[in-house]
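The chain contents come next:
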Amino acid sequence: KRWQNEQTQKLVNKMNNAPGTPKFVGTFEITHIDFGTAVPHIINARVPSFSSSSAPWDGAAMPGRGYSHALELDVEYVGHATMTVQTRVDLSKYAQDLDTDSTETSDELTSLASIKNMAAREAAKVVAQLSDTLSATPLRFTLNLKKCQGIIRMWIPPPPGDRLWWGLIAEPDI
């Protein structure tokens, strides 16, 4: 249960800090998560064919320490993991921006600017009403993972390193 809570918090932090999220989208929260009962299967294990990179995880030596040991695993998950995410939409910032852009002056009554300002004020009212409705309504979506397949490279740096490093070589097939 503790591991599941830690993973849930990591996912929430990643979603809330994702670049390019529109400012009208509220914070994300995970309302349900189920990792399923299936476990990933190792299909194949091999010693990687190293590239010409000078990175230790690509087979290069670490200065004064020697070579790293590496292993590549073809891993496949077939099961049913689900996650339900919830957020809210808040258009109140846009309503305020529209409302402040529509200030009147005394000679506007006969000009084109007065028509634009009236339209902007009406738009601000509609957006404000819509904002109240939308912010009270949670938006939920559920993600279902049925299959995930990829290559994981694991490597252990030479002594005095005591850690196992791992990561995906490329984007997995989902």
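Residues numbered from 1 in each chain as written. Predicted model: local features only at pLDDT ≥ 70, side-chain atom pairs only at ≥ 80, totals over all residues. Heavy atoms only, no water.

(A) View of the nonpolar core. Among the nonpolar cores identified, the biggest contains 7 residues, and these are Val12, Met15, Phe28, Ile30, Ile33, Met83 and Val85. Put simply, the parts of the chain that give this core at least two residues each are α1 (2-16), β1 (29-34) and β5 (69-87). Excluding anything up to four places from it in sequence, isoleucine 30 contacts Thr8, Leu11, Val12, Met15, Met83, Thr84 and Val85. (Core = buried A, V, L, I, M, F, W, Y, C linked by side-chain atoms within 4.5 Å. Buried < 20%, exposed > 50% of the residue type's maximum accessible area, 1.4 Å probe, protein only. Helix = DSSP H or I, 4+ residues; strand = E, 2+ residues; numbered from the N terminus. Contact = heavy atoms within 4.5 Å.)

(B) Main features of the pattern of salt bridges. Per the stated rule, a full pass over the model turns up 5 salt bridges. Of the charged contacts in the structure, one is a salt bridge between arginine 2 and glutamate 6, with a shortest N-O distance of 3.1 Å. A residue pair is termed a helical-turn pair when its members lie 3 or 4 positions apart in one helix, as arginine 2 and glutamate 6 do in helix α1 at 4 residues. Residue arginine 2 is classed as exposed on the basis of its relative accessible area, which comes to 65%. The exposure class assigned to glutamate 6 is partly exposed, which follows from its relative accessible area of 35%. Residue glutamate 72 pairs with arginine 153 through a salt bridge whose shortest N-O separation is 2.5 Å. (Salt bridge = Lys/Arg side-chain N within 4 Å of Asp/Glu carboxyl O.)

(C) Inspection of the packing of aromatic side chains at higher detail. Within this structure, the stated rule accounts for 2 aromatic pairs. Relative to tryptophan 165, the ring of tryptophan 155 lies with its centre 6.2 Å away and its plane at 20°, an arrangement referred to as stacked. Here tryptophan 155, found in strand β6 (residues 139-156), pairs with tryptophan 165, found in strand β7 (residues 165-168); they are 10 residues apart in sequence, far enough to count as distant. Residue tryptophan 165 is classed as partly exposed on the basis of its relative accessible area of 41%. (Phe/Tyr/Trp six-rings, centres within 6.5 Å; stacked < 30°, edge-to-face > 60°.)

(D) Inspection of the side chain of aspartate 74 at higher detail. You can see aspartate 74 is positioned in strand β5. Classification of aspartate 74 by relative accessible area gives buried; the value is 19%. Setting aside chain neighbours within four positions, we find aspartate 74 in contact with His41, Ile42, Ile43, Asn44, Arg46, Gly150 and Ile151.

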